[in-house]
Amino acid sequence: MNGKKLLYIETFGCQMNDRDSEIMRQLLAKAYEPTDVIGAADAIIVNTCSIRDKAEQKAYSLLGALRKRKRDKPDLIIAATGCVAQQEGARMLSRMPHVDLVVGPQNIYQLPELFDKARQFRQGIVATEMARSFHIPPFLPSLQQGNPHKRFVTIMQGCNNFCTYCIVPYTRGREISRKPEDILAEITHLAAGGVKEVTLLGQNVNSYGNDHPVGSRTSFASLLRRVTEIKGLERVRFTTSNPKDLSEELMQCFTDLAKLCPHFHLPVQSGSNAILQRMNRKYTIEHYLDRVAKLRGCCPEIALTTDIIVGFPDETEQDFQATMALIEKVRYHSAFSFKYSNRPPAKSCQFADSVGREEKERRLAVLQALQQQITLERNREYLGRRLELMVEGESRAAEGQWSGRSVTNHIVNFESQVALVPGQLVQAVIREACLHSLRGELSM
Ligand code: SAH
Ligand code: SF4
Ligand code: F3S
């Protein structure tokens, strides 16, 4: 034993939360080492998400279940972090008095001190202040042996868009971009440690740098160019972008930058202009389709994916059919689709949640059936084609079975009797297309 205590983290929500969990693990590494066994933990962090009601309920039910653990082990430290923590603050403590710490996304950098305080004073502490002048501290990720070959890198926090259904501007605050030097230093450090792929994260990466002083701004497209020049890196991805801000300069990157993966997640939300307007998305379907056409012009092999909400307040059958028509027109490689959920204080809560639960479920099922058919047809387009894959790892289920990822973000399973290393690039010819993956044959 090295005298360290054990830390268990449960992460809900988006990749930004995944990245924050890594940062918290590293910040606490002096005193804690990670464990996968919740029962063995001396401290538990629940990194919560509040994007839909269901996500929030999941976080609360896990936190609720920890009450008994705390009773059996009074020294146990329980921290709630992430978007529900930010949103609920002190309310969370009164609902869950066994929780020691409630920490918002901007406050995770104080975690070591907060943990010390919690251990010392044994009373609930809330750290959810959001400062306008907040700077995301420079941060170099830890690199140990057996390091994963791909990493997330947060380039900005928050969102200024206030789409009417969305809680994120309330939980993550206004947009704050990290300094380009800090981002480049972090990625250079990762690449020097053997990382082959990075995904740059932000709620709306297109507006990266807009909060920096005019004259010393770096646009997202120029940041991308500089990232792709970092030695050792093979692939660069990013997520997410609001279509209203998708610039020509960014689209051009898909023509110019060989390491930028031809995959674009471009959330449309609805195919109806009336609904888009009430969502405050600030683009029309005509504009969106124009961007899609231009992107495909810049990079014909680009794979497009999207997010869609069904049952937004007052969504008529006609609006829903417009979304179905859009899906048929764009033919996305895949789509995430959700039932609308009221998220106070987001503005859409003031609109009557007029589409009933059953109708939302019906629309979602019809939409998903159509998208599945298109995804399968799209996947079949790869049959017979030779793709470059970045090895992800060997299947746990069967020896000699491996999986890799194509530049278009498709999972490809294949056989190899030779041992491979995650992050290594191989070539495979696609022989089979399923809904969630492709199957290929290694080809040297
Ligand atoms: N910043 C990203 C979205 C992050 S949230 C962007 O703008 O693209 C991920 C997805 O969750 C959204 O694209 C939306 O489709 C869905 N979502 C957000 N709020 C929702 C709500 N109140 N009900 C249902 N789905 C929602
Ligand atoms: Fe939410 Fe809209 Fe911001 Fe995305 S762009 S995080 S959907 S407010
Ligand atoms: Fe969820 Fe917050 Fe991410 S609400 S989706 S964890 S930004």
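Refer to the structure above for everything that follows.
Counting restarts for each chain, with residues numbered from 1 along the sequence as it is written. The naming scheme follows written order: chains are lettered A onward, ligands numbered 1 onward. Since the coordinates come from a predicted model, pLDDT governs what is reported: local features require at least 70, and pairs of side-chain atoms require 80 or more to be given and counted, while whole-chain, interface and lining totals use all residues. Hydrogen atoms and water are omitted, and side-chain values are computed over all heavy atoms in the structure.

Student: What's the story with the overall build of the protein chain in this structure? I'm lost.
Tutor: The numbering of helices and of strands both runs from the N terminus, where a helix is a DSSP run of H or I of at least 4 residues and a strand a run of E of at least 2. Looking only at helices and strands, the protein chain features 13 helices and 19 strands. C-alpha extents for the protein chain along the principal axes are approximately 60 × 60 × 50 Å. Residues are treated as being in contact if the distance between any of their heavy atoms lies within 4.5 Å. Within the protein chain, residue pairs in contact and separated by at least 24 positions form 73% of the contacts whose partners lie at least 6 positions apart. Where accessible areas are quoted, they stem from the Shrake-Rupley method and a 1.4 Å probe; at the residue level, only the protein chains shown are allowed to cover. When the accessible area of the protein chain is evaluated, it comes to approximately 19900 Å², of which 51% is carbon and sulfur surface. Charge convention: Lys and Arg are scored as positive, Asp and Glu as negative, and His as well as the terminal groups of each chain are ignored. For this purpose, a charge sits on NZ of Lys, CZ of Arg, CG of Asp or CD of Glu. Averaging the positions of the 58 positive and the 50 negative side-chain charges in the protein chain gives two centres separated by 3 Å.

Student: Is there a simple way to explain the site of ligand 1 in this structure?
Tutor: Near residues are defined by distance, with any heavy atom within 4 Å of the molecule or strand qualifying the residue. The environment of ligand 1 is made up of 15 residues, and the closest members are Gln 203, Pro 267, Gln 269, Asp 307 and Ser 341. Within the backbone of Ser 341, an N or O atom sits 2.8 Å from a nitrogen atom of ligand 1. Coverage of ligand 1 by the protein amounts to 90% of the 550 Å² it exposes when considered alone. Under the convention adopted here, Pro, Cys and the residues Ala, Val, Leu, Ile, Met, Phe, Trp and Tyr are nonpolar, Asp, Glu, Lys and Arg are charged, and Gly plus all remaining residues are polar. Residues belonging to the shell around ligand 1 are distributed by class as follows: 6 nonpolar, 4 polar and 5 charged. By the criterion applied in these results, polar contacts are pairs of N or O atoms within 3.5 Å in which, for protein atoms, one can donate a hydrogen and the other can accept it, and in which residues neighboring in sequence qualify only through two side-chain atoms.

Student: What exactly am I supposed to notice about the site of ligand 2 here?
Tutor: Around ligand 2, the neighbouring residues are Cys 159, Asn 161, Phe 162, Cys 163, Tyr 165, Cys 166, Val 168, Pro 169, Gln 203, Asn 242 and Arg 281. In terms of residue class, the shell around ligand 2 is built from 7 nonpolar, 3 polar and 1 charged.

Student: Can you walk me through the nonpolar core in this structure?
Tutor: One recurring pattern in soluble globular proteins is that nonpolar side chains are buried together. Formed by 63 residues in total, the largest nonpolar core has its most connected members in Val 198, Leu 200, Phe 220, Leu 224, Phe 238 and Phe 264. Beyond its immediate chain neighbours, meaning those up to four positions away, Val 198 contacts Arg 151, Val 153, Ile 187, Leu 190, Val 227, Leu 233, Arg 235, Val 236 and Arg 237. Note on terminology: a nonpolar core comprises buried Ala, Val, Leu, Ile, Met, Phe, Trp, Tyr and Cys residues joined through side-chain atoms within 4.5 Å. Residue exposure (1.4 Å probe, protein chains only): buried if accessible area is under 20% of the type maximum, exposed if over 50%, otherwise partly exposed.

Student: Can you help me understand the packing of aromatic side chains in this one?
Tutor: Two aromatic rings, taken as a pair, are described by how far apart their centres are and by the angle between their planes. Ring geometry is summarised as follows: Phe, Tyr and Trp rings, the Trp one being its six-membered ring, pair when their centres sit within 6.5 Å, and such pairs are stacked at plane angles under 30 degrees, edge-to-face over 60 and tilted between the two. Per the stated rule, a full pass over the model turns up 9 aromatic pairs. Taking the centre distance of 5.2 Å and the plane angle of 90 degrees together, the rings of Phe 238 and Phe 264 count as edge-to-face. Separated by 26 residues along the polypeptide, Phe 238 in strand S11 (residues 235–239) and Phe 264 in strand S12 (residues 263–265) bring together distant segments of the chain. By the burial criterion, Phe 238 is buried, and Phe 264 matches it. By the ring-pair criterion, three or more aromatic residues cluster together here, those being Phe 220, Phe 238, Phe 254 and Phe 264. For Arg 52, the ring lying beneath its charged end belongs to Phe 338, and the centroid distance is 3.7 Å. Whether a charge sits over a ring depends on NZ of Lys or CZ of Arg being within 6 Å of the ring centre and within 35 degrees of the ring normal. A cation over a ring is seen here: Arg 95 above Tyr 60, with NZ or CZ 3.7 Å from the ring centre.

Student: What exactly am I supposed to notice about the pattern of salt bridges here?
Tutor: As a working rule, side chains carrying opposite charge can pair if their charged atoms are close by. Within this document, salt bridges are pairs made up of a side-chain nitrogen of Lys or Arg and a carboxyl oxygen of Asp or Glu, the two lying within 4 Å of each other. For the structure shown, the criterion picks out 32 salt bridges. A salt bridge links Arg 362 to Glu 317, with the shortest nitrogen-to-oxygen separation between them at 2.9 Å. With a gap of 45 residues between them, Arg 362 in helix H13 (residues 357–380) and Glu 317 in helix H12 (residues 317–330) connect regions that are remote in the sequence. Overall, the relative accessible area of 35% leaves Glu 317 in the partly exposed class. Glu 381 is paired through a salt bridge with Arg 378; the nearest N and O atoms lie 3.1 Å apart. For Glu 381, a relative accessible area of 39% gives the class partly exposed. Judged by relative accessible area, which is 12%, Arg 378 ranks as buried.

Student: Explanation requested: helix H2 (residues 53–72) in the structure shown.
Tutor: Residues spaced three or four apart along an α-helix face the same direction, because each turn holds 3.6 residues. Between the first and last residue of a helix there are one fewer steps than residues, each counted as 1.5 Å, and that sum is the expected span. With 20 residues, H2 ought to run about 28 Å at 1.5 Å a step, and its terminal C-alpha atoms sit 30 Å apart, in line with that. Buried within H2 we find Ala 55, Glu 56, Ala 59, Tyr 60, Leu 62, Leu 63, Leu 66 and Lys 70. Check the buried side of H2 and you find it contacts strand S1 (5–11), strand S3 (43–48), strand S4 (77–81), helix H3 (82–88) and helix H4 (90–95).

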